[in-house]
Amino acid sequence: MKKFLLYFIHIILLLIGLSASYYRSLSDTSTSELIVYLAIIVLCALGFVYSMMLMKKLGGRKSIMGKSFLYLGLAFFFQAITIVYDYLFFSLADYSPVSTLLLAIMNLCWAISIYNFFLITGVSQKIRQAWKTILIIGIVICCSLAAYGNLPVSYADEFLSMAILLVNVILIFESALLLLYSSRFRGGALLMPVLLLCFGIVFQLVGDLLNRGVFQVGTITYIADDAFYCFSWFLLSMSPTILLASSKENLE
Amino acid sequence: MDIGYKELIDAIITKQVSILGETIALKKAGKVEGIILNDLGKVASIHGDGKIVLEKLLKEYASLTGEATILFSKEAIAPLIKENSSLILPEELKL
């Protein structure tokens, strides 16, 4: 019953988000825009809560899986905060790098989460070390770019967008690699959450890159992207949900 | 120190603690018939055929991490196997 309820809430939120996206494409109303945002925020809130519950069950920061879910949860948190910030401070969005910085932090949380899932696939020490190096270099470059972006406001967009683009590229490679190795979870309850996470991220990032190059300061979704985003957050939020739903059989 | 199934099982559980966390890893080990854990989460003793107990432990962990369980377990027991190559291992754990 509990399992059914968890899935049902997600599906309802997805349907609400998709319907609002459709109405928004017919006539661009602020109500339908708000509904799409709200659906994504609730999906993120659920993803955050479930990820934190799993993190606690899995030993917190002391275990690899605990860390994976901790950073996944933080990614949900930062996405929700970004949407709220953009909605409340819409007029500031074009002049302030805050929302782009929040998105950069969210992307870094994803990168660290995927890296930790990647460690559980049992890949060789050499590959693990190579990915750790790429991740550390990527984080250092992105933080440097973001720091520059914070100095003169006129350059903020450029530097921060470059930082996010770089993290996007790292994320797509990481997700693709994790997808490749995910067959190693075959027969285990972790397979589906990992697949959902990878597809959710790839779906969103490829959409970003195809539709409008990179993230832009202050814009979360464009009308055409709403349905795309909503579906992507549905997949991402289902990742911890599906594991939590089966926790009685697998985590107890 | 003589390396036996108890040490192999202990090494696998220790590895799983670093992956799944202490609570889940020990709960799953505790479910396996034949494994007795002490208060520190170490294997106190094993009852029955060590090879079968080892197989059951792998199966229990595989319900969560699937086939990757075999890879971690191989990694965890590799140094121990070098010290006692005469132990009969389950087919999937053979190096």
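Caption draft 1: Expanded view of the overall build of chain B. When you go through chain B residue by residue, the secondary structure sums to 4 helices and 2 strands. Mapped in sequence order, the helices and strands of chain B form the string α-α-β-β-α-α. The C-alpha radius of gyration of chain B comes to 12 Å, within 12% of the 12 Å expected for a compact globule of 95 residues. Counting only C-alpha atoms and orienting by the principal axes, one finds that chain B spans roughly 30 × 25 × 20 Å. For chain B, long-range pairs separated by at least 24 residues make up 56% of all intrachain contacts whose partners lie at least 6 apart in sequence.

Caption draft 2: Main features of the overall build of chain A. Assigned secondary structure in chain A consists of 9 helices and 0 strands. Scanning chain A from its N terminus toward the C terminus, one meets helices and strands in the order α-α-α-α-α-α-α-α-α.

Caption draft 3: Expanded view of the interface of chain A and chain B. The interface of chain A with chain B comprises 22 residues on the first partner and 17 residues on the second. Counting residues per element, the side of chain A that touches chain B draws most heavily on helix α3 (residues 64-88) of chain A, at 3 residues. Among the residues forming the side of chain A that touches chain B, the class breakdown is 9 nonpolar, 8 polar and 5 charged.

Caption draft 4: View of the packing of helix α1 (residues 5-20) of chain B against helix α4 (residues 68-83) of chain B. Residues and elements named next belong to chain B. The N-to-C vectors of α1 and α4 enclose an angle of 135 degrees; their axes lie 9 Å apart at closest approach. Considering their axes alone, α1 and α4 lie oblique with respect to each other. In the packing of α1 onto α4, the handedness of the crossing is right-handed. Residue-level contacts link Glu-7, Leu-8, Ala-11, Ile-12, Lys-15 and Ile-19 of α1 to Phe-72, Ser-73, Ala-76, Ile-77 and Leu-80 of α4. Split by residue class, the contact of α1 with α4 holds 8 nonpolar, 1 polar and 2 charged.

Caption draft 5: Summary view of the environment of B:Glu33. In this fold, B:Glu33 is placed in the loop between α2 (22-31) and β1 (35-37). Along the sequence, B:Glu33 and B:Ile46 sit 13 residues apart, while their C-alpha atoms lie 8.9 Å from each other.

Caption draft 6: Examining the UniProt feature "transmembrane region" (unreviewed entry) in chain A more closely. Residue and element names in this part refer to chain A. Per the UniProt record, the feature "transmembrane region" (unreviewed entry) sits at residues 35-56, 68-89, 101-121, 133-153, 159-181, 188-206 and 226-245. Structurally, residues 68-89 is divided into 95% helix and 0% strand, and its ends, taken at the C-alpha atoms, are 31 Å apart. Helix makes up 95% of residues 101-121 and strand makes up 0%, while its end C-alpha atoms are separated by 31 Å.

Caption draft 7: Quick look at the confidence of the model for chain B. On average, residues of chain B score 89 in pLDDT, and 98% of them reach the 70 mark or higher. Scored as a complex, the prediction yields pTM 0.87 and ipTM 0.89.

Caption draft 8: Local environment of the nonpolar core. Ranked by internal contacts, the top residues of the largest apolar core, which has 93 residues, are A:Ile40, A:Ala75, A:Cys109, A:Cys230, B:Ile9 and B:Leu57. No other element matches the 15 residues that helix α4 (residues 98-120) of chain A contributes to this core. With sequence-adjacent residues up to four places away left out, B:Leu57 is seen in contact with B:Ile9, B:Ile12, B:Ala29, B:Val32 and B:Ile35.

Caption draft 9: Molecular detail of the pairing of strand β2 (residues 43-46) of chain B. Residues and elements named next belong to chain B. Looking at chain direction, β1 and β2 are connected through 3 bridges and run antiparallel. By the bridge assignment, Ile-35 is partnered in β2 with Ile-46. What sits between β1 and β2 in their antiparallel hairpin is a turn of 5 residues, with Gly-41 showing a positive phi close to 85 degrees.

Caption draft 10: Helix α3 (residues 50-65) of chain B, seen in detail. Residue and element names in this part refer to chain B. Relative to the 22 Å expected for 16 residues at 1.5 Å per residue, α3 spans 22 Å between its end C-alpha atoms, a close match to the ideal helical length. Of all the residues in α3, the buried ones are Val-53, Leu-54, Leu-57, Tyr-61, Ala-62, Leu-64 and Thr-65. Once α3 finishes, Gly-66 follows within two positions and takes phi at roughly 60 degrees, a positive value.

Caption draft 11: α4(B), seen in detail. Here α4(B) is 16 residues long and its end C-alpha atoms lie 24 Å apart, about the 22 Å a rise of 1.5 Å per residue gives. When the local axis directions of α4(B) are compared, the greatest deviation, roughly 45 degrees, occurs at B:Ile77, which is followed within four positions by the proline B:Pro79. Along α4(B), the positions that sit buried rather than exposed are B:Ala68, B:Thr69, B:Phe72, B:Ser73 and B:Ile77. Buried positions along α4(B) lie against α4 of chain A together with α1 and α3 of chain B.

Caption draft 12: Region of interest: the environment of A:Leu235. All names here are of chain A. Its location among the elements puts Leu-235 in helix α8 (residues 226-245). Each C-alpha atom of the pair Leu-235 and Trp-131 lies 25 Å from the other, and the pair is 104 residues apart in sequence. If we ignore the near neighbours within four places in the chain, the residues touching Leu-235 are Leu-196, Phe-199, Gly-200 and Phe-203.

Caption draft 13: A look at the packing of helix α2 (residues 30-57) of chain A against α3(A). Residues and elements named next belong to chain A. Remark: α2 packs on α3, axes separated minimally by 8 Å, with the N-to-C direction vectors making an angle of 155 degrees. When the interaxial angle is binned, α2 and α3 end up roughly antiparallel. Here the hand of the crossing between α2 and α3 comes out left-handed. Each of Tyr-37, Ile-40, Ile-41, Cys-44, Ala-45, Gly-47, Phe-48, Ser-51, Met-52, Leu-54 and Met-55 in α2 lies in contact with α3, whose residues at this interface are Gly-66, Phe-69, Leu-70, Leu-72, Gly-73, Phe-76, Phe-77, Gln-79, Ala-80, Ile-83, Val-84 and Tyr-87.

Caption draft 14: Spatial organisation of the confidence of the model for chain A. Scored by pLDDT, chain A has a mean of 81; 78% of the residues are at 70 or more. In this model, residues 213-221 of chain A is a region of pLDDT below 50 whose contacts with residues beyond four sequence positions or in other chains number 29 contacts.

Scoring rules and cut-offs
Residues numbered from 1 in each chain as written. Chains lettered and ligands numbered in written order. Predicted model: local features only at pLDDT ≥ 70, side-chain atom pairs only at ≥ 80, totals over all residues. Helix = DSSP H or I, 4+ residues; strand = E, 2+ residues; numbered from the N terminus. Rg over C-alpha atoms; globule rule 2.2 N^0.38 Å. Contact = placed C-beta atoms within 7 Å. Nonpolar A, V, L, I, M, F, W, Y, C, P; charged D, E, K, R; others polar. Axes fitted to C-alpha atoms, helices over the stretch in contact; angles between N-to-C directions. Parallel < 35°, antiparallel > 145°, perpendicular 65-115°, else oblique. Left-handed = near helix turned anticlockwise from the far one by under 90°. UniProt positions renumbered as here; feature names shortened; annotations may be inferred. pLDDT = per-residue confidence, 0-100. Core = buried A, V, L, I, M, F, W, Y, C linked by C-beta atoms within 7 Å. Buried ≥ 20, exposed ≤ 12 C-beta atoms within 10 Å, placed from the backbone. Pairing = 2+ DSSP bridges. Expected span 1.5 Å × (residues − 1). Bend = angle between axes of the 7 residues up to and from the residue.

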